[in-house]
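Each chain is listed here by its residues.
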Amino acid sequence: MNIGNQCCLFWGIFLHISVCLGEDYDLDDKTGLGRSFDGIGGLSGGGATSRLLVNYAEPYRSQILDYLFRPQFGASLQILKVEIGGDAQTTDGTEPSHMHYEDDENYFRGYEWWLMREAKKRNPNITLIGLPWAFPGWVGNGGNWPYSFPDITASYVVSWILGAKQYHDLDIDYVGIWNERSFNSKYIKLLRYTLDKRGLERVKIIASDNLWEPITSVVFADKDLQDAVEILGVHYPGTNTVPKALKTGKKLWSSEDYSTFNDNVGGGCWARILNQNYVNGKMTATISWNLVSSYYDDLPFGRDGLMTANEPWSGNYVVESPIWITAHTTQFTEPGWMYLQTVGHFTHSGSYVALTDERGNLTIITETMTHDHSVCIRPPLLPYNVTAQNVTFHLKGTFASISELQVWHSKFDFKSNKTVLFQNLRPVKGSFSIELDVDEVYTFTTVRNGHRGNYPDPPPSAPFPKSYKDDFDVSGNPYFSEAPNFADQTGVFEYFTNLTDPGPHNSTLRQVVTQRPVTWVADADQTISVIGDYKWHDLMVSCDIYMEAVHTGGVFVAVRVDKGGGVIRSTRGIFFWVYADGTYKVTNDLRLIYCVFILILPHICSSADLSFILCFQGNYASADLNGYPLWKNAVLWEPRHGWVAIGTSSFELAQFDNFAIEALA
């Protein structure tokens, strides 16, 4: 970078004010190139974050997918990372495993298979990554650690990769290794061995998918581990790396980043880190947690996706600013392009990167995001100042012959709310000068097929319907394994069709996890799935429940459930429990600490078939069981509002049918 005084004018001996300072920046490939660009992506998982997306009706579901994955349309994502479901709570919910038990394999559970197929349909070149956050209990052989028996864990993960290919024709490109407490070198090497043994040499390993250390130091010291690991992946690096990671010669990725509310400040966060992850940390891929905010707003980290799609009942979705910030890079690059060495920070703050396909194409992305308008949720961002500045880019080397660059522009306006996103401006000629204001993103590129995709406005936003019913009747294999709009928080609730029983429970919703999973958060001791509108307070819920273990266990229906996600253990609500021993109980919480009353009713509970009705209005509750009124006008004060929920008193099999809600307020 050369700093000149091209615009400085001196008027006589009384005035020597600098009217403008122009900074010159060379973009040149003759001194060599930087690292290979690996792409920008989104992460579906780490807690059922795409849960509500699958329930959208067409055409809205396809429109959302187009904004995410369709090239030259919206975000045009180049990487999709998904959770390898482990039957456990992993932030906003649980995702089902492909192997609930050791002798059980099913590669059609959940929605990640479907999502990967849809992404591939739109972009056949998209990179696919799988990462387990948790594991079914049998993998840990009774303990809460997935690496005590590394051969079992490796086989479990490899079976998911093989199933992706066999049943969905999906080639998984990378698999992640992650555990918040540690990582296991023996397991990583064994996983590499198992992949190779099963003909999956092309599948590369990302480790430790957490922090720079200790993985970097161990890779440095262990040649076998160095050979096993392809990518050093980190979470929320704050755009910085460590010198030793650079010395390994490994590719460096921000394999989970962003995790920020998707308003315009969130868009600014995303703009800053997409550039500076490379400028500061030489990270060649950045993956957003999460892909799309398709989970209830009042679960943890509400609206932390690149866009929002959490109202399948209305069809409403919102294309948020991070979608168009992503497009500034993804629509004008491809994985395999090379960063230039001549990239960096502007004199008055902000940053610029430049990439080439080495065939004459050049893309430059600039960002001048101010501190307060680009704060991410983590890590803390040190203070800095940005001011408007005039910059001149000099195209040199191979690029000297470029006569014209297309221009795309975004401007976050936090004063008058006149934000402009991904607007196509007039081209600039060759080497060029431009005035960069604060909170702006520009792309200058030789690529001509950029496009701001657009669909007609979706239906208006609407609350969850006050009258809702589901009898869970399906024919054959359902399209998805979960019932619409239920958000499992502990346990897994799946469609169940009993082909040998023509009776009333032939098609139900079944809780299927019977052993505590190997999990990295404190899953509840009970299983629970929530549904509805968090603002509800007066309503009636009815549900038929079948306890499969007729001598032990219990089931519940609840209203005003006030917490979910990783804090589900401490949720409050009004819980109506019925047990196989003939007792029922009402508690103010899931953990059964705040008990309201207990009653023994053996003549009512002698059957495993139970029909619940729970009514709540104001501070007064009433309940019926199998048509028998248990109590009326019981006084219960807290909580004041929340979701409806169903569940079991432990990890046990139970079936739910004829579920209905009538909400009054």
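As the structure is a prediction and not an experimental result, all values here were calculated from the model. (Residues numbered from 1 in each chain as written. Predicted model: local features only at pLDDT ≥ 70, side-chain atom pairs only at ≥ 80, totals over all residues. Heavy atoms only, no water.)

S.K.: Whenever I open this one, the overall build of the protein confuses me. Can you help?
M.R.: A tally of regular secondary structure across the protein gives 9 helices and 37 strands. Its C-alpha radius of gyration of 28 Å places the protein within 12% of the 26 Å reference for a compact globule of 665 residues. When the backbone C-alpha atoms are referred to their principal axes, the protein occupies close to 100 × 60 × 40 Å. The buried share of the protein, taken over its 665 residues, is 60%. Considering only contacts within the protein whose residues lie at least 6 apart along the sequence, 71% involve residues at least 24 apart. Side-chain charges of the protein comprise 51 positive and 73 negative groups, with the mean position of each set lying 4 Å from the other. (Helix = DSSP H or I, 4+ residues; strand = E, 2+ residues; numbered from the N terminus. Rg over C-alpha atoms; globule rule 2.2 N^0.38 Å. Buried < 20%, exposed > 50% of the residue type's maximum accessible area, 1.4 Å probe, protein only. Contact = heavy atoms within 4.5 Å. Lys, Arg positive; Asp, Glu negative; His and termini not counted. Charge placed at Lys NZ, Arg CZ, Asp CG, Glu CD.)

S.K.: In this structure, what is going on with a nonpolar patch on the surface? I would like to understand it.
M.R.: A surface patch of nonpolar side chains, about 350 Å² in accessible area, is lined by Tyr620, Val635 and Trp637. Mapped onto the elements of the fold, tryptophan 637 is located in the loop between strand S35 (628-635) and strand S36 (643-648). (Patch = residues over 30% accessible without salt bridge, like charges linked within 9 Å, V, L, I, M, F, W, Y side chains within 5 Å. Areas by Shrake-Rupley, 256 points an atom, 1.4 Å probe, with all protein chains shown as cover. Salt bridge = Lys/Arg side-chain N within 4 Å of Asp/Glu carboxyl O.)

S.K.: What should I look at first to understand unusual backbone geometry in this one?
M.R.: Trans is the prevailing form of peptide bonds, just as negative phi is the prevailing case for residues other than glycine. In this structure, the amide linkage connecting glutamate 58 to the following residue, proline 59, adopts the cis form with an omega of 10°. Tracing the backbone through its elements, the reader meets proline 59 in the loop between strand S4 (39-44) and helix H1 (60-69). Proline 379 follows arginine 378 through a cis peptide bond whose omega is -10°. Looking at where proline 379 falls in the secondary structure, it is placed in the loop between strand S17 (362-367) and strand S18 (389-395). Of note, the phi angle at serine 349 is positive, near 80°, even though the residue is not glycine. For serine 349, the position within the fold is in the loop between strand S15 (344-345) and strand S16 (351-356). According to the relative accessible area criterion, serine 349 is buried, its value standing at 18%. A positive phi angle is found at asparagine 485, which is not glycine, with a value near 75°. Its location among the elements puts asparagine 485 in the loop between strand S23 (467-470) and strand S24 (487-490). Relative accessible area serves as the criterion here: at 6%, asparagine 485 is assigned to the buried category.

S.K.: Explain the pattern of salt bridges to me, please; I cannot follow it from the model alone.
M.R.: Pairing between side chains of opposite charge can happen when the charged atoms of each approach one another. The final tally for this structure, using the stated rule, is 26 salt bridges. Among the salt bridges present, the one from aspartate 28 reaches lysine 30, with a minimum N-O distance of 3.7 Å. Judged by its relative accessible area of 64%, lysine 30 falls in the exposed class.

S.K.: How should the domain arrangement of the protein be read in this particular structure?
M.R.: Accessible area lost upon the coming together of the parts is a frequently used measure of interface size. Each domain of the protein was delimited in the assignment, giving domain 1 (37-335) and domain 2 (467-663). Each of domain 1 and domain 2 has a C-alpha centre, and the two are 32 Å apart. With 42 residues of domain 1 at the contact, the number on the domain 2 side is 35 residues. Carbon and sulfur atoms make up 53% of the surface buried where domain 1 meets domain 2, a total of about 3000 Å² over both sides. When residues of domain 1 are sorted by the area they lose upon contact with domain 2, Arg51, Gln89 and Tyr296 head the list and together hold 23% of the total. Among the ionic pairs, arginine 109 bridges to glutamate 494, the shortest N-O distance being 3.6 Å. Linking domain 1 with domain 2 are 19 residue pairs in polar contact (both at pLDDT 80 or more). Broken down by class, the residue content of the side of domain 1 that touches domain 2 amounts to 21 nonpolar, 14 polar and 7 charged. (Domains from an automatic or database assignment. Buried area = accessible area lost by both parts, 1.4 Å probe. Polar contact = N/O pair within 3.5 Å; in protein donor to acceptor, adjacent residues only side chain to side chain. Nonpolar A, V, L, I, M, F, W, Y, C, P; charged D, E, K, R; others polar.)

S.K.: Would you mind showing me how to read the packing of helix H2 (residues 112-122) against helix H3 (residues 150-168) here?
M.R.: A pair of packed helices is characterised by two quantities: the angle between their axes and the separation of those axes. As a packed pair, H2 and H3 sit with axes 12 Å apart at the nearest point and diverge in direction by 60°. In terms of axis orientation, H2 runs oblique to H3. Like other packed secondary-structure pairs, H2 and H3 cross with a definite hand, here right-handed. For the pair formed by H2 and H3, the contact residues are Trp113, Met116 and Arg117 on the first element and Trp160, Gly163, Ala164 and His168 on the second. (Axes fitted to C-alpha atoms, helices over the stretch in contact; angles between N-to-C directions. Parallel < 35°, antiparallel > 145°, perpendicular 65-115°, else oblique. Left-handed = near helix turned anticlockwise from the far one by under 90°.)

S.K.: Explanation requested: the environment of asparagine 184 in the structure shown.
M.R.: Within the fold, asparagine 184 resides in the loop between strand S7 (174-176) and helix H4 (185-197). Among the residues examined, asparagine 184 registers a relative accessible area of 18% and is labelled buried. A C-alpha to C-alpha distance of 28 Å links asparagine 184 and aspartate 525, two positions 341 residues apart in sequence. Reaching out from asparagine 184, the side chain makes a polar contact with the backbone nitrogen of tyrosine 187 at a distance of 2.7 Å.

S.K.: How should the state of the cysteines be read in this particular structure?
M.R.: By definition, a disulfide links the sulfur atoms of two cysteines through a covalent bond. This model, assessed by the stated rule, comprises 1 disulfide. Across a sulfur-sulfur distance of 2.0 Å, cysteine 269 and cysteine 376 are joined as a disulfide pair. Between cysteine 269 and cysteine 376, the S-S torsion sits near 100°, and that sign places the bridge as right-handed. Of this pair, cysteine 269 sits in helix H8 (residues 264-279) while cysteine 376 sits in the loop between S17 and S18, placing them 107 residues apart in sequence. Accessibility expressed as a relative area gives 0% for cysteine 269, which makes it buried. There is no disulfide at cysteine 615, and the cysteine sulfur nearest it, in cysteine 543, is 14 Å away. (Disulfide = S-S within 2.5 Å.)

S.K.: What's the story with H4 in this structure? I'm lost.
M.R.: Helical geometry: 3.6 residues make up each α-helical turn, so side chains three or four residues apart lie on a common side. With 13 residues, H4 extends 18 Å between its outermost C-alpha atoms, agreeing within 8% with the 18 Å of an ideal straight helix rising 1.5 Å per residue. Those residues of H4 lying buried are Tyr187, Ile188, Leu191, Arg192, Thr194 and Leu195. Angular distribution of buried residues about the axis of H4 spans 165°; they occupy a single face of the element. Those residues of H4 that are exposed and aimed more than 90 degrees away from the buried face are Lys186, Tyr193 and Lys197. Buried residues along H4 sit against H3, S7, strand S8 (204-210), helix H5 (215-221) and helix H6 (223-228). With a side-chain oxygen positioned 3.1 Å from the backbone nitrogen of lysine 186, the residue opening H4 is asparagine 184. Just past H4, the residue glycine 199 takes up positive phi, approximately 80°. (Expected span 1.5 Å × (residues − 1). Arc of directions from axis to C-beta.)

S.K.: Looking at this model, I keep getting lost on H3. Mind explaining?
M.R.: Spanning 19 residues, H3 covers 27 Å between terminal C-alpha atoms, matching the ideal 27 Å at 1.5 Å per step. Taken together, the buried positions of H3 are occupied by Pro150, Thr153, Ala154, Tyr156, Val157, Val158, Ser159, Trp160, Ile161, Gly163, Ala164 and His168. As for H3, its buried residues are in contact with strand S5 (79-83), H2, strand S6 (127-131), S7 and H4. Taken from the residues just after H3, aspartate 169 is the one with a positive phi, measuring 55°.

S.K.: Which parts of the structure should I look at to understand the packing of H8 against helix H9 (residues 321-330)?
M.R.: Put simply, H8 and H9 touch, their axes get as near as 8 Å, and they point 20° apart. Relative to H9, H8 is oriented roughly parallel. Note on packing geometry: the crossing formed by H8 with H9 is right-handed. Contacts between H8 and H9 involve Asn264, Gly266, Gly267, Trp270, Ala271 and Leu274 from the former and Ser321, Pro322, Ile325 and Thr326 from the latter. Looking at the contact of H8 with H9 residue by residue, the classes come out as 5 nonpolar, 5 polar and no charged.

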